[in-house]
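Inside the fold
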Amino acid sequence: MKYYLTTPLYYVNGAPHLGHAYSTCVADAIKRFRRMQGYEAVLTTGTDEHGQNVERAAKRAGRSAAEFADRVAAEFRRQWEAAGIQYDRFIRTSDPRHHQTVQWLFERCRERGHIYQGAYTGQYCFNCELYVNEAKPGDPCPDCQRPTETVTEENYFFRLSAFQERLLELYERHPAFIQPEARRNEVLSFVRGGLKDLSITRTTIQWGIPVPVEGRHVFYVWFDALIGYLTAVRQDNYWPADMHLIGKEIVRFHAVFWPAFLMAADLPLPKRIVAHGWILFEQDKMSKSRGNVKLPEPIQKVVGIDGLRYFLMREIVFGQDGSFSYDALVGRYNADLANGLGNLASRTLNMIAKYCGGVIPGPAAGLDAGVGRLAREVIFNTIDCYENLEFSRALEAVWSLGAAVDKYIVEHKPWSLAEREDLESRTQLDGVLATAAETLRVSCVLLYPVMPWASEKIWRQLGQTDPLGEQRVDKLEWNPPSELPGRPLGQIEAVFPRLDKAEAIHRMQELEQQARREQAELLGKPEEATAAGPGEGKITIEDFAKVELRVGQVKSAERVKGADKLLHLMVDIGEPQPRSIVAGIAQAYTPEQLLERKVIIVANLQPRKLRGVESNGMVVAASIENGQPVLAGFLEEAPVGSRLK
Ligand code: MSP
């Protein structure tokens, strides 16, 4: 049986961030789970490349829209591959095959009388690429709050208003069509409120799919992008989709426009539209336009791909918003993965190596009945949770089993049993270790959709040779005959090494800065590609308050050996001892010029060593031509140590 699921097709106005990675990882987990149930599961992801925003981003980067889209699309693909996402199709809306599908669908709708030509004047939000129907000139966009612009154009309309009843009937007949419930209710009230026809072409944009009519029309972004789901599988028999997984802000397009387009063209409808919540960073939606995105790769390099996947699916209750922070990430990693699962695995495996010659015992006395009962329940509940996309609860269920086995090991003290010589102790010891090993085996199968690599590693250490991803989760049983007993263990290695929190966070931040530089270089002119547009990337006053700026006075200055740009300064900032600071200003200032000079110091930077000299702060300077520094100072008297606000 086939199971076709999709992620959104991501805009290519910037590189992938953690929000995109979240959708993609969840989709990957669902796909893996369905495969383990025996479905022929197919996952489509890809990029939505047309429209004004991409045109703009390309221009800022000094590239053509096509070249810019090529680069960003390749970056999405590279990152999903590096993260081991098992996607089957990567659809780019700039692909000629997709152009054909869109034109074909348009013709089908037109032949059936659902398209007409008209003039439209309205308030348009260029950021969201939407007309704001109810807005008057000068009104802001209700979604992004940016000003709307008045636009008049001759374009083609889709008769959305004619589909109100059929859509309501669809939601009525298939209550699970839109999930979760809260999103379904939003859609219901939106559709009940009446639907306006939709303008689906533009003459104001160049970068798009040509409409097969006279004139310079290209398709409007949603009549283009949504159809990508169909293009991806038009050659095979996978349509209709079983699930479109999306973020909650694009529910309306998927649950109203998309089924209406398909109804108009007499094509089968997707079975489910499932919306997840947002990843927040410091209470705010993580998004490029808010300038607060975190990048997935630097995180994966420190906590592993599975560490990140575990965090996202355990911490965020699916369907709701959830916060990301480095602190919470490393906290969970250490508590649940290093001390939890990782520790259970290494304890169990090491004891089997030590007390049983590295061969999983076949217990004469059988496995523990209590643990067995719990395990059967956990198997049932976890599968049920996955079915309902309750990832967090699924993981909690598996952890409850791990915790019970931990306790069971402590109570039965295999290390004491191993010291005794009698047969009964030996039998008991075998029973305890076999129970623990079987718990691990079952946990591996249950955890595979969320943590494919770590589970596979533990699986191999248990001496299993069949690929874990090909196990049937629906056939998973506790202690089936001839699974583990008698198997020699594989090479034992730690799966989740414990992390020093401060160090791990520092490392992720460092890697992130590096990744941002690399991305800027890849996508376009470095400064321009990263520079924020008007209103973009602003920080709050609280953000600014985190930077501790103080008035300082230079007490000594000398050149740093072997570095012709660096000066080593000792700066009094009102603390008992002057600060040691290394500044890259030696080509603009001599040490003598700086003595007793008042400067502005960033006082709360992480200390670092430059050429072996500790630098505990930074001197603020303007950077003028060729990066030459000009020190900031004061015209009036400013006492040493005063804080700048
Ligand atoms: N191109 C459209 C989708 C067209 S689908 C035919 C689009 N692209 S997007 O690049 O803006 O990606 C939006 C999707 O990325 C969201 O629906 C969600 O899946 C994911 N996320 C982006 N930021 C997110 C968070 N902060 N949190 C969680 N997911 C978010 O919309």
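What counts, and at which threshold
- Residues numbered from 1 in each chain as written.
- Predicted model: local features only at pLDDT ≥ 70, side-chain atom pairs only at ≥ 80, totals over all residues.
- Heavy atoms only, no water.
- Domains from an automatic or database assignment.
- Near = heavy atom within 4 Å.
- Polar contact = N/O pair within 3.5 Å; in protein donor to acceptor, adjacent residues only side chain to side chain.
- Areas by Shrake-Rupley, 256 points an atom, 1.4 Å probe, with all protein chains shown as cover.
- Helix = DSSP H or I, 4+ residues; strand = E, 2+ residues; numbered from the N terminus.
- Nonpolar A, V, L, I, M, F, W, Y, C, P; charged D, E, K, R; others polar.
- Phe/Tyr/Trp six-rings, centres within 6.5 Å; stacked < 30°, edge-to-face > 60°.
- Buried < 20%, exposed > 50% of the residue type's maximum accessible area, 1.4 Å probe, protein only.
- Pairing = 2+ DSSP bridges.
- Salt bridge = Lys/Arg side-chain N within 4 Å of Asp/Glu carboxyl O.

**Concerning the domain arrangement of the protein chain**
For interface size, the figure often reported is the accessible area lost on association. Here the protein chain is described as being made up of domain 1 (2-276), domain 2 (299-475) and domain 3 (538-645). For domain 2 and domain 3, the distance between their C-alpha centres works out to 52 Å.

**Describing the site of the ligand**
Within the structure, the ligand sits among 24 residues, and Leu9, Ser23, Asp48, Ile279 and Met286 are positioned closest to it. Between an oxygen atom of the ligand and a main-chain N or O atom of tyrosine 11, the distance comes to 2.9 Å. Within the side chain of glutamate 249, one N or O atom sits 3.0 Å away from an oxygen atom of the ligand. Contact with the protein chains removes 94% of the 670 Å² of surface that the ligand exposes when unbound. If you list the elements that add at least two residues to the shell around the ligand, you get strand S1 (2-11), helix H1 (18-36) and helix H7 (221-225). Of the residues in the shell around the ligand, the class split is 13 nonpolar, 8 polar and 3 charged.

**Structural notes on the packing of aromatic side chains**
In the structure shown here, the tally under the stated rule is 27 aromatic pairs. Ring geometry for phenylalanine 253 versus phenylalanine 257: centroids 5.4 Å apart, planes at 80°, classification edge-to-face. Note that phenylalanine 253 and phenylalanine 257 are positioned in helix H9 (residues 251-264) at a spacing of 4 residues, about one turn of the helix. You'll find phenylalanine 253 and phenylalanine 257 in the same group, each marked buried.

**Overview of the sheet that holds strand S3 (residues 89-92)**
Note on sheets: strands pair through backbone hydrogen bonds, and any given pair is parallel or antiparallel. In spatial order, the strands read S3-S2-S1-S11-S12-S7; together these 6 strands make up an open sheet with parallel pairing. With partners counted over all chains shown, the strands left at the sheet margins are S3 and strand S7 (178-179), one partner each. Taken together, the 8 bridges between S1 and strand S2 (residues 40-48) define a ladder with parallel strand orientation. Of the residues in S2, the one forming a bridge with tyrosine 11 is aspartate 48.

**Comments concerning the pattern of salt bridges**
Counted by the stated rule, this structure contains 43 salt bridges. Ionic pairing is found between lysine 31 and aspartate 88, a salt bridge with its closest N-O pair at 2.8 Å. One end of the pair, lysine 31, is in helix H1; the other, aspartate 88, is in the loop between helix H3 (65-82) and S3, with 57 residues separating them in the sequence. The exposure class assigned to lysine 31 is buried, which follows from its relative accessible area of 3%. For glutamate 456, the salt bridge is made with arginine 460, and the minimal N-O distance between the two is 2.7 Å. One end of the pair, glutamate 456, and the other, arginine 460, are both in helix H16 (residues 452-461), 4 residues apart, so they sit about a helical turn from each other. Because the salt bridges share partners, they merge into one network encompassing Lys2, Asp242 and Lys271.

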